[in-house]
Amino acid sequence: MTLKTVEQRLLALPTTAISDSTGGHTNVAANIRPLADHFKIAGRALTVRLPDGENGAVLEAISQASKGDILVIDAKGNTNRAVAGDFVMQLAQGVGVQGFVVDGVIRDLAAARTIDFPVFSLGTTVAAGSKNGGGTVDVPIAVGGVVVQSGDYVIGDIDGVIIVPQADIEKVMEAAELKVQKDAAREKEALHNGEESIRAYLAKVVK
């Protein structure tokens, strides 16, 4: 049997199960959303810290990224200037970056959807970011109220984004996989025979 990679195991899990397994303590703020419903990501973070309104360090991060990395970008919640547009997204995609998680906004939404590059952000804007210098790659940051370090795992889907510290990833995955199994068993018990099984389940759990 071929062993699954960490990324494959995470992609097979809903973020809801992972959140339950972490106690919800590393859930990114709910207003950081996927820009298309089908976007799903799971991989290691490469962090970027940007001065307000700047985006120059995003290119530096792309040049340093390994295949499968997810750029996690602390843009200070700025919604006036984009950290990236379609050209920058295509550069990232072309070197194997898996997606962006941005505490800020992007632009060129239609193009992002066309190239199918996963972006989770506060939304979009028409204004470009500045490139006046500053910004840092591979440093501890905060995104959506969660501290992130390069190498931590990032999982995102239509329900939201979760950060899992790399030291905790194995136990979190095991707990999430068990949660999925238990949920499936619960659904089978409660729903297999319509109203009869639903009422029997409710009678057992409602005290």
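Residues numbered from 1 in each chain as written. Predicted model: local features only at pLDDT ≥ 70, side-chain atom pairs only at ≥ 80, totals over all residues. Heavy atoms only, no water.

Describing the environment of Phe39
Here Phe39 lies in the loop between β1 (33–34) and β2 (41–49). For the pair Phe39 and Gly85, spaced 46 residues apart in the sequence, the C-alpha separation amounts to 17 Å. Those residues within four positions of Phe39 in sequence are excluded, and the remaining contacts are Pro34, Ala112, Asp116, Phe117, Pro118, Val119, Phe120, Gly156, Asp157 and Ile158. (Helix = DSSP H or I, 4+ residues; strand = E, 2+ residues; numbered from the N terminus. Contact = heavy atoms within 4.5 Å.)

A look at the pairing of strand β9 (residues 153–157)
Judged by how many residues are buried, β9 sits mostly within the fold: 5 of 5 residues are covered. Residue alternation in β9 divides its side chains into two sets, Tyr153, Ile155 and Asp157 and Val154 and Gly156, and both sets are buried. Bridge count between β2 and β9: 4 bridges; the pairing is antiparallel. By the bridge assignment for β9, Gly43 is matched with Val154. Counting the residues in the hairpin turn of β9 and strand β10 (residues 160–164) gives 2 residues. (Buried < 20%, exposed > 50% of the residue type's maximum accessible area, 1.4 Å probe, protein only. Pairing = 2+ DSSP bridges.)

Quick word on the packing of aromatic side chains
Summed over all chains, the structure comprises 1 aromatic pair. For the ring pair Phe100 and Phe117, a centre distance of 4.9 Å and an interplane angle of 85 degrees mean the geometry is edge-to-face. One end of the pair, Phe100, is in strand β4 (residues 99–102); the other, Phe117, is in the loop between α5 (109–115) and β5 (119–121), and 17 residues separate them in sequence. Each member of the pair, Phe100 as well as Phe117, carries the same accessibility label: buried. (Phe/Tyr/Trp six-rings, centres within 6.5 Å; stacked < 30°, edge-to-face > 60°.)

Regarding the pattern of salt bridges
Pairs may arise between side chains of opposite charge once their charged atoms sit close together. Under the counting rule described, the total for this entry stands at 9 salt bridges. Glu170 is paired through a salt bridge with Arg9; the nearest N and O atoms lie 3.2 Å apart. Taken together, the positions of Glu170 in helix α6 (residues 169–191) and Arg9 in helix α1 (residues 6–11) put the pair 161 residues apart, joining distant regions of the chain. Residue Arg9 is classed as buried on the basis of its relative accessible area of 17%. With a closest N to O distance of 3.8 Å, Lys171 and Asp168 form a salt bridge. Through salt bridges with shared partners, one network takes in Asp20, Lys179, Asp183 and Arg186. (Salt bridge = Lys/Arg side-chain N within 4 Å of Asp/Glu carboxyl O.)

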